[in-house]
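Single-letter residue listing:
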Amino acid sequence: MPHPRQTSEHQIRLAALVAALSLATDLGMGQPMEQALRTCLLSINIGRELRLNDEQLSNVYYLALLRFVGCTSDAHEQAAQVGGDEIAHRAGLATVLMGEPSEFMGHMMRHFATGSRPLTRLRLFAGAMAGGTREPKRSIALHCEVAQVLAARMGLRAAVGQDVGHVFERWDGRGLPGELSGEAIPIAARVVAVTRDVDVFHGLGGWELVAQVLRRRRAKAYDPSVVDVVLDRGESWLAATRDESVWERVLDVEPEPCIRVAEAELGNVLRAFAEFADLKSPFTAGHSLGVARLAEGAARHAGLGESECVDLRRAALVRDLGRTGIPNGIWDRPGALSAIEWERVRLHPYLTERMLSHAETLQRLAPLAGSHHERLNGSGYYRQASGPSLPFPARLLAAADAYQAMTQERPHRPALAPDAAAQELNAETRSGCLDPGAVRAVRAAAGHPASQRATWPAGLTDREVEVLRLIAQGHSYRQVAKHLTITPQDGRAPHRAHLQQDRRLGARLCCPLRHGARSHPALITAILRNGVYPRCHAGVTNLC
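Residues numbered from 1 in each chain as written. Predicted model: local features only at pLDDT ≥ 70, side-chain atom pairs only at ≥ 80, totals over all residues. Heavy atoms only, no water.

> Give a description of helix H15 (residues 306-318) that names residues and reports values.
The end-to-end C-alpha distance of H15 is 19 Å, a good match for the 18 Å that 13 residues give at a rise of 1.5 Å each. Buried within H15 are the following residues: Glu308, Cys309, Asp311, Leu312, Arg314, Ala315, Ala316, Leu317 and Val318. (Helix = DSSP H or I, 4+ residues; strand = E, 2+ residues; numbered from the N terminus. Expected span 1.5 Å × (residues − 1). Buried < 20%, exposed > 50% of the residue type's maximum accessible area, 1.4 Å probe, protein only.)

Structural data, given as structure tokens:
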């Protein structure tokens, strides 16, 4: 059942969308998913104890969810500085970011680039320390700028994006960027600085460690009033967040009035998600937007309905959110990946699907978004799905993603020219990886001339031929509908509409289906796949 406050007739709860995005920022910071959700719950409890007004509470709520929304903006540079795994580096820094300088330096000396060789570690550490606070300040400024753009794109007030720039300020003025102190720091930033650390330390050592850290950092890094509230009520609040998933509870505590976006504006929100994902690497700049345009164009060329075209575009925009959970040292490597690194790469569609499955508005997109690396012959990932288990929209998305990636530079190769990319798609079709109809549609959407077999007999569309192909393999109308995400009535359309326009042609088409599909499924599938009816089969003449 939909969450009672998540949607209205024409509008969508923004909180559910932002909460889904927060799962990606958790992974990007090396934390378990739902950390930002727990931080949000604790922050709202504190804000209400402090008697903040509704606007302040709303800023606290969304800042807790989006504190690290700028984390992808410098992932590439940070990975290079720390030896490749910026996610592990960020996870280690979580306990010392708001600590004393001695804590920070001690951690850096012990754990900086620990996966590298000793001399490499020394060189990287010296490089990181050489600039003093210049690089951290630049990083925070970049995070703030990105957060402001993404927050505005999602329909949030500007204060949320601005507050991101102050989440590392300290009460005593010794934080970063070091411009504010005390009550001059926005209250949302003061609250969230404490709650995120509380969740981290609670996971490491329970309430006893939390209380110890809070007392040590009170009136130094943390606002004393926030610390006092947590020391007074925090133990019971934290216990409640550890019992079960906090997703529904986070939606319940959003301060009124809940922020909503019109259905027509959902595309802008998901575009912000796409930009967040694409910032992960300089090699993926604009990639998701390009795939979305190409996939939607291919869907329209193939004759899909309007709702399917829209869903395909939206799934394309969010399909790479899971990339945030994989270190840039893997994504940006110019050489071959190891078997273990490949296993991590293969996880990212799964992570995307899990993130999207939480929000009711995005649930229907989750399976499609998670299938963008699947291949017809079962060689893809993460499910290694094959054949009829891949609906046609998934085949379109896979082909669009492959083409767009080929035309962009990658660490291990230069970008391919459009014609070369189209030829590579054709080769993927011949090898059984990509669907021929999906490839033709993507080629057409990309502006390539139609192939010689651009049309099917009797004016059938690629979509209708796909229906026939599945029927030839022995599937019922209901099974066809399930595979192609259409209604059972649509599954009968090729017979009742186009085939009845020409009775003789229809008879020749339907004859092998009726009499040979069960006994010769491979033959009929080959016929439909290639668009050719051999003269030697039951007297059926060549139709193409």
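> Could you give an account of the packing of aromatic side chains, naming the residues involved and the relevant values?
Scanning all chains against the criterion turns up four aromatic pairs. Between Tyr61 and Tyr62, the aromatic rings sit 5.0 Å apart at their centres with planes inclined by 75°, giving edge-to-face as the arrangement. Comparing Tyr61 with Tyr62 shows no difference in burial state: the two are buried. Centroid distance Phe68 to Phe168: 6.4 Å. Interplanar angle 45°. Geometry classified as tilted. You can see Phe68 sitting in the loop between helix H3 (54-66) and helix H4 (75-82) and its partner Phe168 sitting in the loop between helix H9 (158-164) and helix H10 (187-217), a full 100 residues away along the chain. Residue Phe68 shares its accessibility class with Phe168, and that shared class is buried. Of note, Arg323 hangs over the ring of Trp331, and the distance from its end group to the ring centre comes to 3.8 Å. (Phe/Tyr/Trp six-rings, centres within 6.5 Å; stacked < 30°, edge-to-face > 60°. Lys NZ or Arg CZ within 6 Å of the ring centre and 35° of its normal.)

> Lay out the pattern of salt bridges with the relevant residues and their values.
Under the criterion given, the structure shown has 27 salt bridges. Glu296 is the salt-bridge partner of Arg300, the closest N and O atoms lying 3.0 Å from each other. Of the two residues, Arg300 and Glu296 are both situated in helix H14 (residues 287-301); the distance of four residues between them amounts to about one turn of the helix. Classification of Glu296 by relative accessible area gives buried; the value is 18%. (Salt bridge = Lys/Arg side-chain N within 4 Å of Asp/Glu carboxyl O.)

> I'd like a description of the packing of helix H13 (residues 266-278) against H15, backed by residues and values.
At a minimum axis separation of 7 Å, H13 and H15 run at an interaxial angle of 30°. Overall, the two elements H13 and H15 adopt an arrangement that is roughly parallel. For the pair formed by H13 and H15, the contact residues are Leu266, Gly267, Leu270, Arg271, Phe273 and Ala274 on the first element and Arg314, Leu317 and Val318 on the second. Taken together, the residues of the contact of H13 with H15 sort by class into six nonpolar, one polar and two charged. (Axes fitted to C-alpha atoms, helices over the stretch in contact; angles between N-to-C directions. Parallel < 35°, antiparallel > 145°, perpendicular 65-115°, else oblique. Contact = heavy atoms within 4.5 Å. Nonpolar A, V, L, I, M, F, W, Y, C, P; charged D, E, K, R; others polar.)

> An account of the confidence of the model for the protein is requested, with residue identities and associated values reported.
For the protein, per-residue confidence averages 84 on the pLDDT scale, and 81% of positions sit at 70 or higher. For the stretch residues 1-9, pLDDT sits under 50, and the model shows 25 contacts to residues farther than four places along the chain or on other chains. Counting contacts from residues 490-544, a segment whose pLDDT is below 50, to residues more than four positions away or on other chains yields 86 contacts. (pLDDT = per-residue confidence, 0-100.)

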